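# Structural overview
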Amino acid sequence: METDLQLESTVWVGSKRYRAVLTGWQFNWTELDKKNRDKKTISVPVAEVVGVEEGRVEILPQKSIEDTDKVFTVFYVKRSSTGSSYGLLWTLGRTQFSVPSRVLRDQWTKHLRAALKTHSPVRPNRLLVFINPYGGKKKGRKIYHSLVAPLFELAGISCHVIVTERANQARDHLLKKDLTGFDGVVCVGGDGMFSEILHGLIGRTQQEAGLCENDLTVTLQPCQRHIGIIPAGSTDCVCYATVGVIDPVTSALHIIIGDSQPLDVCSVHQASGLVRYSVSLLGYGFYGDVLAESEKHRWMGPLRYDYSGTMVYLSNRSYAGIVQYLPADPLLSSPRDRTRCLSGCSVCSRSTERLFPHSSHAGSLYSSHYSQFSSDSEGEWVTVEGRFRCVSLTCMSSSCPKSPLGLSPSAHLADGTGDLILVWDTHPLGFLKFLYRHTSTEDQFDLPFVEVHRVKAVRFSLPPRKEKEEYEEIGGSNGGMDEEERGYIETVSSSGSQQHLADRGPGREMTNLQKTGNPFLCGLCCSKAPAVSVWNCDGEILPSTEIISRVHGQLVRLYARGIEDGAAVHCSEDIERGCTL
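Conventions and cut-offs
Residues numbered from 1 in each chain as written. Predicted model: local features only at pLDDT ≥ 70, side-chain atom pairs only at ≥ 80, totals over all residues. Heavy atoms only, no water. 1 Å grid on protein atoms, 1.4 Å probe; cavity = no way out; pocket = protein on both sides within 12 Å on 5 of 7 lines; lining within 4 Å. Points joined across faces, edges and corners; volume = space filled by probe spheres on them. Nonpolar A, V, L, I, M, F, W, Y, C, P; charged D, E, K, R; others polar. Phe/Tyr/Trp six-rings, centres within 6.5 Å; stacked < 30°, edge-to-face > 60°. Core = buried A, V, L, I, M, F, W, Y, C linked by side-chain atoms within 4.5 Å. Buried < 20%, exposed > 50% of the residue type's maximum accessible area, 1.4 Å probe, protein only. Helix = DSSP H or I, 4+ residues; strand = E, 2+ residues; numbered from the N terminus. Contact = heavy atoms within 4.5 Å. Pairing = 2+ DSSP bridges. Salt bridge = Lys/Arg side-chain N within 4 Å of Asp/Glu carboxyl O.

The chain carries the name DAGKc domain-containing protein in an unreviewed UniProt entry, which gives Pogonophryne albipinna as its organism.

### Quick word on the layout of surface pockets
Estimated volume of the second largest pocket: approximately 460 Å³. As for the second largest pocket, its lining consists of 21 residues, and the residues nearest its centre are Ile257, Gly258, Asp259, Ser260 and Arg561. Looking at the lining of the second largest pocket residue by residue, the class counts come to 7 nonpolar, 6 polar and 8 charged.

### Here we look at the packing of aromatic side chains
Counted by the stated rule, this structure contains 17 aromatic pairs. Ring plane angle 80° and centroid distance 5.4 Å describe the contact between Phe286 and Tyr287, whose orientation is recorded as edge-to-face. By the ring-pair criterion, three or more aromatic residues cluster together here, those being Phe27, Trp29, Phe72, Tyr76, Phe97 and Trp108.

### Structural notes on the nonpolar core
One finds Phe286, Val323, Val391, Leu420 and Phe434 to be the most contacted residues of the largest nonpolar core, which totals 44 residues. Sort the elements by how many residues they give to this core and strand β18 (residues 382-394) lands first, with 6 residues. Aside from chain neighbours lying at most four places away, what touches Phe286 is Gly309, Val312, Tyr313, Arg389, Cys390, Phe431 and Leu435.

### A few points about the pairing of strand β4 (residues 38-45)
Of all 8 residues that make up β4, 6 are buried, and the element is covered over most of its length. As paired elements, strand β3 (residues 26-32) and β4 share 6 bridges and run antiparallel to each other. In the sheet register, Leu32 faces β4, and the bridge partner there is Asp38. The hairpin formed by β3 and β4 contains 5 residues between the paired strands, and Asn36 there has a positive phi angle of roughly 70°.

### With respect to the pattern of salt bridges
If you walk through the whole model with that rule in mind, you get 27 salt bridges. In this structure, the salt-bridge partner of Arg79 is Glu564, at a minimum N-O distance of 3.1 Å. Within this pair, whereas Arg79 is found in strand β8 (residues 71-81), its partner Glu564 is found in the segment after β24 (547-558), the two being separated by 485 residues in sequence. Both residues of the pair, Arg79 and Glu564, belong to the buried class. Of the charged contacts, one joins Arg204 and Glu208 as a salt bridge, the two residues approaching to 2.9 Å between their closest N and O atoms. Here the residue Arg204 and the residue Glu208 both occupy positions in helix α4 (residues 191-209), the gap between them amounting to 4 residues, near one helical turn. Each of Glu48, Arg79, Asp259, Arg561 and Glu564 takes part in salt bridges that share partners, so that together they form one network.

Here you go:
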């Protein structure tokens, strides 16, 4: 590590005297007493300095500049803990330094700006920003212009801003327009807006690489441009799971300093090809029914999810299905090991070496001879069959403010695997206990009717009609089965390739009868439950019931660093509180 002294002098903050020191990687200022003895030191990494301005400058909540010859202002990242969140809130720290002369002031600003360029080379210079003006509480435009744009201007980032006017406008722009010169893409909105950016960037990257997204066996090209998320939607699951807080300023600061968090992505296919990509939730049964019901009540805003969840729970449904999955290596990690994927996660770091065996960094191309999906040595497919309350696949914890640990608390962001959660048919109180545990720290997998598996691929299909009718007769919509009645079947296939799945024939499209013949809340007023549910893919309903999904390791990169562990992060407090080192 470089520790060569670049600049040192006496400075004043208010009426207090300090010794300021700039080395290669750190900017420190130490308070001095009347006898020139050290009292307390503030230390800020150069990589977390946001900007340097001449004079007395204020950025938020409103920009103001007082030009003085002997003062310069340093803006930097300041962390604080939030009582209800697992992540750390980032705010804009600001300290104004007075020096004896204008020459010395110019030296400080010159050296600090040079240090930023030298030790923060991955910071974005130009961004393409999409704002969804209709998402959440319809405050996307206000959030960007009042909180985010001033920070980008301070950091010297130029932005091309597009306010979307229709669904999929951002996706179509990324697929068709010239993106030359843009270092990354920023979405101001919720998970739906992020999904548009995700599909557009992945699709554009595969087009330029000459790869077919519809081919399930193709190893997709990782995207080079980063994605930034400014939370402003009804749901901001991806932001919460990768940063730890839902706060526009925190997210903007991560973008400014050029943080880079790789992220696994699931591709979801039917017989005819690719359907969608998913990062947070691919859910059948309860989660699919909740989404379908909530679409009828969009006028309620975010409250529609609570209402729909209650109504679907009271419907007391389960669905017959066949689930096949390709297990991941259990020696690498486990969904029950009670570890959390935090910033600097060792599991994800080791996975980078495994996913990119012929490269020194995660941004490089996959080896043309490396395919984790088709290799016979990756394991054998496992098949389970029965009635399920819900079937879920997630590539991250899928945490949110109402469920701080998420659907799968030990899931990893970038290990090339997903967590498959199977909730078998059970009595209503048992399922309620499972749902309630998502809001607490209790282990939601420690229940007899719940299974969780770390996987690389999953296929879901419906049982033959005869068997399906038997399931309906046994399970119905009101009873719920105990462990003996359920009698699910588990078999291990003899083939370790995707051919085992392909041999089962084409996926079935939902018929009009399946779509409209049975109302979604019929469980409340009649004994006949719908035969099939729908898939919830990151907040979108899929058109097919029978699907195949595989996980693509570290396919995209976000301007984030994962959830920071507050106990491990060094202090970066403001001058009034100080931090003695």
